[in-house]
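Here are the chains, one letter per residue:
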Amino acid sequence: MDNPLSFLSQSLGDFKPEIGLILGSGLGFFADQAIEDAKTIPYDTIPGFPRSTVEEHKGQFVIGKVLGKNVICMQGRFHFYEGYALDQVVLPIRIMAHLGIKTLFVTNAAGGINKSFVPGTLMMLTDHINFMGTNPLIGPNDDALGPRFPDMSTVYSERLRAAARPIANDLDIHFAEGVYLACTGPSYETPAEIGMFRTLGADAVGMSTVPEAIVANHACIEVCGISCITNLAAGMSGEALSHEEVTETANRVRDSFASLLEQLIGHA
Ligand code: HPA
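Heads up: these notes are all about the structure in this document.

Parameters at a glance
Residues numbered from 1 in each chain as written. Predicted model: local features only at pLDDT ≥ 70, side-chain atom pairs only at ≥ 80, totals over all residues. Heavy atoms only, no water. Helix = DSSP H or I, 4+ residues; strand = E, 2+ residues; numbered from the N terminus. Contact = heavy atoms within 4.5 Å. Phe/Tyr/Trp six-rings, centres within 6.5 Å; stacked < 30°, edge-to-face > 60°. Buried < 20%, exposed > 50% of the residue type's maximum accessible area, 1.4 Å probe, protein only. Near = heavy atom within 4 Å. Polar contact = N/O pair within 3.5 Å; in protein donor to acceptor, adjacent residues only side chain to side chain. Areas by Shrake-Rupley, 256 points an atom, 1.4 Å probe, with all protein chains shown as cover. Pairing = 2+ DSSP bridges. Salt bridge = Lys/Arg side-chain N within 4 Å of Asp/Glu carboxyl O.

### Points about the environment of Met132
For Met132, the location among the structural elements is in the loop between β6 (122-130) and α5 (158-171). Note: C-alpha distance between Met132 and Cys183 (51 residues apart in sequence) is 4.9 Å. If sequence neighbours within four positions are ignored, Met132 has contacts with Ala182, Cys183, Thr184, Met207, Ser208 and Pro211.

If you want it as C-alpha cells, here you go:
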C-alpha cells in the first residue's frame, strides 16, 4: 500500500479524529504531556509520506484524547525551507481533512515585530501575510476538498480567538492578537526586511503555518493559529538571532502554552 491516506485510515481503525494539531518548534512536548490514550505513528512508517529533517522535531502523528475530544497531532511539521515542495508540506493537512477533522490548531515559534511584544508572548493569529512567493493551492484543484478560488477573508476563527481572551486572562500570560507574516527561511530576516514587514502590517514573522492554514481554510476547516513569540525580530534587540533562543523561550512558556491550547481544544 503506497497511499498515505489509506494507510492512516487503516491504522486509525474506529478512531475518528475531530481536531488536528500542528506543534511547532519547541512545542512538541504538548503531545507527550496532554494527549491521553496516545498512540504514535512515526512519519517514516507511512508510505509516500515526507520525512522530518528538523532535529528536535520527533516526526510522528500522535492520536488520542484531549479533554475527551479525539485529536490527531503532528509532532513535527514539514517546512518549505527543508526543500519539500509545498504539496508535501501540506499533504498531512489534506490527509487530516479527508480523515474528517473539523478544527485545526496550528502553532509556531515566531519573531516579534510588534514593539509591544516580549519573548514569551503568545499571539493568536488574526490574519496572515503570505510572503513565501508561492501558494500551496497551485496545481489541479481537489474539488472534493474546496473550490478553485477560495475566499480567505476569515482564515482564523474569530470564535476561538474570543474564547482565548478570558482563558489567557485567567492564566495571566502575555497575550496578544496579530498578523503573522510567513517567509520561506531558512535564513532569519534582515533588520531592513523587518522594518518593511512592520510597515506592511505584520506583528510577527516565521517560516511556517501559512501554507497549512491556506489549505485547511480551503477545506472549510476552522483554523486557530497560535504563535509563541520566542524572540524579538532581527535588529530589534541588538542581539544576533539564534535557534537556541527560539527553543529556550518555547521551553520557558511551555506551561502557559499547554494550558491555553488545552483549554482552547475544550472550546473547539
Ligand atoms: N524569524 C523567522 N522565524 C522565526 C523567528 C524569527 O525571528 N523566530 C522563530 N521563528
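### What about the packing of aromatic side chains?
Considering all chains together, one arrives at eight aromatic pairs under this definition. Each ring, one from Tyr43 and one from Phe78, has its centre 5.2 Å from the other, and the planes form 45 degrees; the classification is tilted. Highlighted residues: Tyr43 in the loop between β2 (36-42) and β3 (60-66) and Phe78 in the loop between β4 (69-75) and α3 (86-89), separated in sequence by 35 residues. For Phe78, a relative accessible area of 1% gives the class buried. Taking 5.6 Å as the distance between ring centres and 55 degrees as the angle between the ring planes, the aromatic pair formed by Phe49 and Phe61 counts as tilted.

### Remarks on the site of the ligand
Near the ligand you find Ala109, Ala110, Gly111, Tyr188, Glu189, Val205, Gly206, Met207, Thr230, Asn231, Leu241 and Val246, and these make up its full shell. Measuring from a nitrogen atom of the ligand, one finds a backbone N or O atom of Ala109 at 3.3 Å. Between the ligand and Asn231 there is a distance of 2.7 Å, counted from a nitrogen atom to a side-chain nitrogen or oxygen. For the ligand, the accessible surface in isolation is 260 Å², of which the surrounding protein chains cover 95%.

### Concerning the pairing of strand β9 (residues 222-232)
Of all 11 residues in β9, nine are buried, a share of seventy percent or more. Bridge analysis of strand β5 (residues 103-112) against β9 gives 10 bridges, and the strand direction is parallel. Bridging from a neighbouring strand, Ala109 pairs with Cys228 of β9. Pairing analysis gives three bridges linking β6 to β9, with the strands arranged antiparallel. Bridging from a neighbouring strand, Leu122 pairs with Cys228 of β9.

### Describing the pattern of salt bridges
Per the stated rule, a full pass over the model turns up five salt bridges. Put simply, Asp87 and Arg94 hold a salt bridge, and the shortest N to O gap is 3.8 Å. One salt bridge in this structure joins Arg159 and Glu222, with 3.1 Å as the shortest N-O distance. Residue Arg159 is located in helix α5, and its partner Glu222 is located in strand β9; the two are separated by 63 residues in the primary sequence. Bridged by salt links that share partners, the residues Arg161, Arg165 and Glu177 form one connected network.

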